Amino acid sequence: MKILLYNPDNGVTRNFMPHLWMFLLQALTPSGHEVLLVDGNAQPMDEAGIAQFVRDNNIDLVGIGAMTRMIAKAYRMADAVRATGVPVVMGGPHVTEMADEALGRDGGPRHADAVALGEADATWPRIVEDAALGQLKDVYAPVDAFGQESKPSLKEYPVIPWQSIDLKQFNLVPKAATAMLQKIGEGWGSFRIIPVESGRGCPYGCEFCTVTGFFGDSIRFRTNESVVNELLLLKARARTEKGQMAVFFIDDNFAINIKRTKSLLRDIIAAGAQCHWVAQISANLLRDEELVDLIAASGGKWIFIGMESIDPANLKDVNKGFNKPGEYAAVLERLAQRNVYAITSFIFGMDNDTVGVAERTLGQVQTWPPGLPIFGLLTPLPATPLYKRLETAGRLTRPKHWQEFIPFAMAHTPLKMTIEEAHAEVNHGWAKAYSPEALAAAVESLNDQPLGYRVNIFLARLCFRGIYFPMMGKMAWVKVIAQNRRTIFKLVREGFKAGAWRGAPARIPASPVPQTEAGEPIAQGAEG
Ligand code: B12
Ligand code: SF4
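Residues numbered from 1 in each chain as written. Chains lettered and ligands numbered in written order. Predicted model: local features only at pLDDT ≥ 70, side-chain atom pairs only at ≥ 80, totals over all residues. Heavy atoms only, no water.

1. Observations concerning the overall build of the protein chain
1) Next: Counting its secondary structure elements, the protein chain contains 20 helices and 14 strands.
2) Next: Against the globule reference of 24 Å for 528 residues, the protein chain gives a C-alpha radius of gyration of 23 Å, in line with a compact fold.
3) Next: Along the first, second and third principal axes, the C-alpha set of the protein chain runs to 70 × 55 × 55 Å.
4) Next: The buried share of the protein chain, taken over its 528 residues, is 55%.
5) Next: In the protein chain, once contacts between residues fewer than 6 apart in sequence are set aside, the share between residues at least 24 apart is 73%.
6) Next: Total accessible area on the protein chain is roughly 22,800 Å²; 57% of this is exposed by carbon and sulfur atoms. (Helix = DSSP H or I, 4+ residues; strand = E, 2+ residues; numbered from the N terminus. Rg over C-alpha atoms; globule rule 2.2 N^0.38 Å. Buried < 20%, exposed > 50% of the residue type's maximum accessible area, 1.4 Å probe, protein only. Contact = heavy atoms within 4.5 Å. Areas by Shrake-Rupley, 256 points an atom, 1.4 Å probe, with all protein chains shown as cover.)

In structure tokens:
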């Protein structure tokens with residue numbers, strides 16, 4: 001069979017990283033079938049486009065994966081595919097909770113011929129074989145021989161053939177600059193952020209999050225060797241292409257078991273598999289100095305921290321009381337001392353939020369080392385405890401908000417502000433945190449650092465703005481560059497001064513020395 005795996009565009013953020021599920025299912029497909037991948041964020045497609053693609057390529061089966069926010073588009077695309085007579089299998093976090101919706105068993109139209117519930121590592125080969133025989137079942141659930149739910153162990157993780165996968169659509173270097181940039185240093189002809197998982201699961205059950213329900217509270221890890229080999233493969237490919245790559249460890253909490261994370265990072269260093277990487281780690285785990293040393297020494301550059309709120313009452317409300325706002329500053333300083341910075345994520349519209357929450361949060365953020373703040377709204381995702389609580393209290397204003405997805409729009413009314421006020425807070429957060437003044441201040445705050453670090457922070461902020469600000473067109477970019485011209489001139493001027501691009505970091509360098517393992521228990525916290 002010829003199989004198409006399709007991920008719909010999310011309609012908000014730019015394409016900056018492919019989705020792992022497609023590569024994983026491709027690697028798990030039984031031999032004898034050909035698998036094509038299309039990520040709508042990189043290759044935009046509408047309903048007519050996917051139908052044409054399916055016909056032109058003689059596709060026999062289409063697999064579609066989607067988060068809740070992309071599900072409306074996913075259903076429209078599935079409908080278009082099914083209209084051509086080709087069956088559609090859907091999977092991912094949304095349809096796992098809303099299988100009846102996808103199968104048209106809730107009174108609505110049917111969008112999928114089959115639904116894969118939960119983790120599909122074990123069920124995907126079965127789905128492919130059934131489809132080849134024309135015998136697709138409605139629902140595929142990951143169960144063992146006794147009918148009990150079973151979670152795949154990651155010990156036997158498939159090798160994703162990164163050396164040969166066509167990744168052209170995920171190159172972040174503009175085409176026009178590729179030839180020239182290939183010649184700079186070891187080469188910048190391509191730059192890609194590649195998703196890699198080292199483990200799955202999070203036991204913490206934050207009220208708004210789907211992860212505990214979906215992956216379960218049992219945490220599973222790949223072997224160190226398998227992760228290290230994957231990094232080596234990715235590095236080799238970047239070298240061959242005279243390009244660069246960075247890895248996004250997509251684990252919900254990369255340091256959920258500190259002892260194991262340290263051992264993985266030591267193995268990465270020992271194998272020379274260091275590369276620039278990003279990971280999600282909760283603030284409480286970053287108290288460990290040795291862990292932070294190893295993060296820096298193994299190439300960790302950005303840590304995504306789900307801070308959510310600076311108000312402990314809000315954190316308690318959403319069952320995330322293990323976040324301690326009082327320690328945020330120290331954690332970020334500990335990272336910054338090793339030139340590791342943080343993507344700090346905040347949620348507005350929580351029940352204890354009042355007008356001015358954005359300004360209060362930004363006030364705190366400004367006292368921290370520079371990073372990349374991001375702002376979202378509390379969203380009741382299906383099957384979460386938050387959804388159930390708001391539904392029971394009759395507070396959902398758009399109970400099926402995903403059927404008509406509106407970016408940055410609430411689906412319930414917070415207790416101490418209106419929906420419009422919450423929207424205004426998020427807009428204010430983004431606008432002020434990425435204003436020319438804020439960018440200049442971020443660069444200024446690193447004045448004791450070599451120029452390279454300051455340029456890095458500036459470019460990271462600009463790029464992040466580009467990813468998250470809805471629909472940044474060419475003209476919008478020209479405007480942003482013009483608005484930031486003072487900071488750009490300042491950095492360029494310094495660049496011309498002799499030696500400005502060289503120099504050792506003034507802050508404490510990362511200690512590359514692996515320490516003995518201490519035998520910590522599984523830590524109390526995770527991100528998602
Ligand atoms: C990486 C990641 C991102 C990346 C972007 C995605 C990317 N390019 O990879 C970033 C950091 C940008 C991101 C942002 C957001 N994310 Co996110 N993200 C994740 C994360 C941590 C990992 C995803 C992953 O690769 N998992 C590993 C793979 C193997 O698992 P999987 O995708 O679920 O796939 C398995 C099964 O679902 C199934 N499957 C999946 N698709 C298909 C398709 C078929 C045909 C079949 C058969 C099976 C199948 O098989 C796979 C193997 O078992 C997940 C949490 C998690 N651990 O999954 C959250 C998660 C997916 N994100 C979530 C959310 C809410 C968001 C945001 C909306 C947060 C926000 N408020 O801004 C944004 C939206 C971004 C957007 N682009 O629209 C939610 C989605 C819940 C939901 N019901 O939709 C999750 C589950 C986390 C959570 N807190 O609940 N995210
Ligand atoms: S710690 Fe993160 S991944 Fe775990 S339940 Fe909470 S939000 Fe989800």
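2. Some details on the site of ligand 1
1) Next: Taken together, 39 residues surround ligand 1, and among them Thr68, Arg69, Asp121, Thr210 and Asp252 come closest.
2) Next: With respect to ligand 1, the backbone of Pro18 contributes an N or O atom lying 3.4 Å from a nitrogen atom.
3) Next: At 3.2 Å, a side-chain N or O of Arg69 approaches an oxygen atom of ligand 1.
4) Next: Within the residue set of the shell around ligand 1, elements represented by two or more residues are α1 (20–28), β3 (61–65), β4 (88–91) and α8 (211–215).
5) Next: When residues in the shell around ligand 1 are grouped by element, the largest group, 4 residues, is from α1.
6) Next: When the residues that make up the shell around ligand 1 are grouped by side-chain class, the tally is 22 nonpolar, 11 polar and 6 charged. (Near = heavy atom within 4 Å. Polar contact = N/O pair within 3.5 Å; in protein donor to acceptor, adjacent residues only side chain to side chain. Nonpolar A, V, L, I, M, F, W, Y, C, P; charged D, E, K, R; others polar.)

3. Quick word on the packing of helix α2 (residues 47–56) against helix α3 (residues 71–83)
1) Next: Interaxial distance between α2 and α3 falls to 8 Å at its minimum, and their mutual angle equals 40°. For the element pair α2 / α3, the angle class is oblique. The element α2 and its partner α3 pack so that their crossing is right-handed. Touching Glu47, Ile50, Ala51 and Val54 of α2 are Arg76, Met77, Ala80 and Val81, all from α3. (Axes fitted to C-alpha atoms, helices over the stretch in contact; angles between N-to-C directions. Parallel < 35°, antiparallel > 145°, perpendicular 65-115°, else oblique. Left-handed = near helix turned anticlockwise from the far one by under 90°.)

4. Points about the packing of aromatic side chains
The description of an aromatic ring pair rests on the distance of the ring centres and on the angle between the ring planes.
1) Next: Enumeration over the complete set of coordinates arrives at 16 aromatic pairs.
2) Next: Ring geometry for Phe23 versus Phe170: centroids 6.4 Å apart, planes at 70°, classification edge-to-face. One end of the pair, Phe23, is in helix α1; the other, Phe170, is in the loop between β6 (139–140) and α7 (175–181), with 147 residues separating them in the sequence.
3) Next: The buried category is assigned to Phe23, whose relative accessible area is 1%.
4) Next: Given the relative accessible area of 3%, Phe170 is considered buried.
5) Next: On the numbers, 4.4 Å between centres and 15° between planes, the contact of Phe249 with Phe254 is stacked. (Phe/Tyr/Trp six-rings, centres within 6.5 Å; stacked < 30°, edge-to-face > 60°.)

5. Examining the nonpolar core
1) Next: Grouped together as the largest cluster of nonpolar side chains are 109 residues, with contacts concentrated most on Phe249 and Ile305.
2) Next: Here this core takes 8 residues from helix α18 (residues 451–468), the largest share from any one element.
3) Next: Formed by 49 residues, the second largest nonpolar core is a distinct cluster that contains Ile50, Ile64, Ile71 and Tyr204. (Core = buried A, V, L, I, M, F, W, Y, C linked by side-chain atoms within 4.5 Å.)

6. Focus on the environment of Pro450
1) Next: Along the chain, Pro450 falls in the loop between α17 (436–444) and α18.
2) Next: In the structure, Pro450 is positioned 317 residues away from Leu133 in sequence and 62 Å away in space, judged by C-alpha atoms.

7. Some words on the sheet that holds strand β14 (residues 372–377)
Strand pairing in a sheet relies on backbone hydrogen bonds, with the paired strands running either antiparallel or parallel.
1) Next: Read across the sheet, 6 strands follow the order β7-β10-β11-β12-β13-β14 without closing on themselves; strand pairing throughout is parallel. The sheet terminates laterally at β7 (191–196) and β14, the two strands that pair on one side only. Going from strand to strand, the sheet's axes swing by 20° on average, the running direction of each strand aside.
2) Next: Note that strand β12 (residues 300–308) and strand β13 (residues 341–348) share 6 bridges and pair parallel. (Pairing = 2+ DSSP bridges.)

8. Some thoughts on the side chain of Glu327
1) Next: Within the element layout of this structure, Glu327 appears in the loop between α12 (312–317) and α13 (328–336).
2) Next: Residue class for Glu327 comes out buried when judged on its relative accessible area of 16%.

9. Considerations on the packing of helix α14 (residues 357–365) against helix α16 (residues 419–433)
1) Next: One way to put it is that α14 packs onto α16 with a least axis distance of 8 Å and a crossing angle of 30°. Note that α14 runs across α16; the crossing there is right-handed. Within the contact between the two elements, α14 uses Val357, Ala358, Glu359 and Leu362 and α16 uses Glu425, His428, Gly429, Lys432 and Ala433.

The quantities given are spatial measurements derived from coordinates; they are silent on function.
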